[in-house]
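One-letter residues, chain by chain:
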Amino acid sequence: MNSDDLACFARVVACGSFSRAAVELGSDQSTISRQMARLEAEARTRLFHRSGRGVELTEPGRLLLAHAQRVAAALDDAQRTLQACADDGPAQIVIAAQPTIANTTFAAVGKALRHQFPRTRLRFVEGLGTHMVGWLASGEIDIAILYLPAHAGGLEVDLLLREQLCLVGPPGDPADAANSAKPATNTGAWPLKALADVPLILPSTPHGLRLLAESLASRLGITLNVVMECDASTSVTKRLVQEGCGYTLLPLAAVSDELAAGRLHAVPLADPSPQRDVALATSRNRPPVAEQWDITRIIRREVQIIVASGGWPGATLIEQA
């Protein structure tokens with residue numbers, strides 16, 4: 001005996017016949033008859049009086065109907081509870097991003113998620129890419145918006161956009177300020193090989209940006225001139241550059257305010273043009289948070305709006321496959 005049997009039994013009672021119950025349930029009369037015969041066999045008693053005019057309940061049938069109605073009410077209540085939970089969204093959602101991405105996206109994403117899931121507690125976290133991979137694995141965060149790591153094992157990744165890296169220096173022309181014999185290209189871009197002559201401020205080796213820069217230098221057969229390592233926030237690196245301590249590599253979005261204010265200067269890198277992919281990441285090895293698909297869809301939509309409105313300079317959207 002199961003809930004389907006009890007629901008069918010209650011429908012037969014309400015309809016007064018197997019044939020009418022079959023129509024309402026989208027089945028056929030023989031199937032309903034067999035199901036009720038099986039139910040009577042399991043109950044070891046007759047539940048119906050059968051006649052040419054339909055069916056009527058026996059005394060055991062009336063007792064079973066009371067149980068069937070309570071089961072149906074409990075199932076309806078459970079369904080309403082689950083639906084209300086789905087409508088409200090998860091109790092909490094924790095989203096992490098690297099500083100530049102967080103500064104660009106968190107306000108719009110927070111507003112959109114707050115509108116969609118007003119009862120959900122939202123928590124935003126900044127961190128390094130290597131930290132976020134570990135946080136996803138341990139369940140400390142639910143979703144990360146990050147620069148795609150070289151090794152994304154254990155992550156479910158959804159690419160969002162691609163950014164071009166720039167050589168960032170103090171106000172003026174980096175080609176002159178770097179005292180380099182290799183000029184910028186005719187397009188105004190800075191040749192990647194010429195980075196060997198530029199005093200650079202970069203994070204230390206575990207950071208994704210440093211790994212990317214070292215990998216590009218290795219492929220080009222050059223050695224980077226790293227005069228200072230800065231593992232603090234991007235804002236600290238930018239301040240060091242403003243003070244003339246060296247140059248750094250950043251996407252346009254990371255320095256847009258400083259460029260507008262004339263505090264920094266940036267030129268794109270070329271030959272080749274180094275790029276970084278930004279992705280939504282979740283853990284493959286942990287169960288998804290409630291309504292995760294809707295949450296990631298909202299994040300992607302807000303990122304698309306930001307890029308389309310010019311709020312993410314230097315970014316190119318990556319269309320979903």
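Residues numbered from 1 in each chain as written. Predicted model: local features only at pLDDT ≥ 70, side-chain atom pairs only at ≥ 80, totals over all residues. Heavy atoms only, no water.

A. The arrangement of the overall build of the protein in detail. Across its full length, the protein holds 11 helices and 13 strands. Expected size for 321 residues packed as a compact globule is a radius of gyration near 20 Å; at 32 Å, the protein overshoots this value by more than 25%. The buried share of the protein, taken over its 321 residues, is 42%. Relative to all contacts within the protein whose residues are 6 or more apart in sequence, the contacts with residues 24 or more apart total 72%. Averaged over its 30 positive side-chain charges, the protein has a centre that lies 7 Å from the centre of its 33 negative ones. (Helix = DSSP H or I, 4+ residues; strand = E, 2+ residues; numbered from the N terminus. Rg over C-alpha atoms; globule rule 2.2 N^0.38 Å. Buried < 20%, exposed > 50% of the residue type's maximum accessible area, 1.4 Å probe, protein only. Contact = heavy atoms within 4.5 Å. Lys, Arg positive; Asp, Glu negative; His and termini not counted. Charge placed at Lys NZ, Arg CZ, Asp CG, Glu CD.)

B. Quick peek at the layout of surface pockets. Volume-wise, the largest pocket comes out at about 870 Å³. Around the largest pocket, the lining comprises 35 residues; the ones closest to its centre are Gln98, His207, Gly208, Leu209 and Arg276. If you list the elements that add at least two residues to the lining of the largest pocket, you get helix H5 (99-116), helix H6 (129-138), strand E5 (143-147), helix H8 (208-220), helix H9 (234-242), strand E10 (248-251) and strand E12 (275-283). If one sorts the elements of the lining of the largest pocket by residue count, H8 sits on top with five residues. (1 Å grid on protein atoms, 1.4 Å probe; cavity = no way out; pocket = protein on both sides within 12 Å on 5 of 7 lines; lining within 4 Å. Points joined across faces, edges and corners; volume = space filled by probe spheres on them.)

C. Geometry of empty space enclosed by the protein. Enumeration according to the criterion identifies one cavity of 30 Å³ or more in this entry. Counted as a void, the largest cavity has a volume near 50 Å³. Every residue lining the largest cavity is listed: Leu192, Leu195, Ala213, Leu216, Ala217, Leu220, Ile222, Leu224 and Leu249. Counting residues per element, the lining of the largest cavity draws most heavily on H8, at four residues. Tallied by class, residues from the lining of the largest cavity come to nine nonpolar, no polar and no charged. (Nonpolar A, V, L, I, M, F, W, Y, C, P; charged D, E, K, R; others polar.)

D. Geometry of the packing of aromatic side chains. The tally for this structure, following the rule as stated, stands at three aromatic pairs. Measuring from ring centre to ring centre gives 4.5 Å for Phe106 and Phe124, while their planes differ by 35°; the resulting arrangement is tilted. Residue Phe106 is located in helix H5, and its partner Phe124 is located in strand E4 (residues 121-126); the two are separated by 18 residues in the primary sequence. The buried category is assigned to Phe106, whose relative accessible area is 13%. The exposure class of Phe124 is partly exposed, given its relative accessible area of 31%. Put simply, the rings of Phe9, Phe18 and Phe48 pair up and form one aromatic cluster. It is Arg276 that lies over the ring of Tyr147; its NZ or CZ is 3.6 Å from the centre. (Phe/Tyr/Trp six-rings, centres within 6.5 Å; stacked < 30°, edge-to-face > 60°. Lys NZ or Arg CZ within 6 Å of the ring centre and 35° of its normal.)

E. Fine view of the pairing of strand E2 (residues 54-57). Of the pairings in the sheet, the one linking strand E1 (residues 48-51) to E2 comprises four bridges and is antiparallel in character. For Ser51, the partnering residue across the bridge sits in E2 and is Gly54. Remark: two residues form the turn of the hairpin made by E1 and E2, two consecutive strands paired antiparallel. (Pairing = 2+ DSSP bridges.)

F. Main features of the pattern of salt bridges. As enumerated under the stated definition, the model contains 13 salt bridges in all. One salt bridge connects Asp158 with Arg300, and the closest N-O pair in it is separated by 2.7 Å. Of this pair, Asp158 sits in strand E6 (residues 155-169) while Arg300 sits in helix H11 (residues 292-308); the two residues are 142 residues apart in sequence, bridging distant segments of the chain. A relative accessible area of 7% means that Arg300 is categorised as buried. Among the charged side chains, a salt-bridge network with shared partners connects Arg210, Glu214 and Glu229. (Salt bridge = Lys/Arg side-chain N within 4 Å of Asp/Glu carboxyl O.)

G. Region of the structure containing the packing of H5 against H11. Viewed as axis vectors pointing N to C, H5 and H11 meet at an angle of 135°, and their least axial separation amounts to 9 Å. Considered as vectors, H5 and H11 are oriented oblique to each other. As for how H5 packs across H11, the hand of that crossing is right-handed. Residues Thr104, Thr105, Ala108, Val109, Ala112, Leu113 and Gln116 of H5 form the contact with H11, whose participating residues are Ile295, Ile298, Ile299, Arg301, Glu302, Val303 and Ile306. (Axes fitted to C-alpha atoms, helices over the stretch in contact; angles between N-to-C directions. Parallel < 35°, antiparallel > 145°, perpendicular 65-115°, else oblique. Left-handed = near helix turned anticlockwise from the far one by under 90°.)

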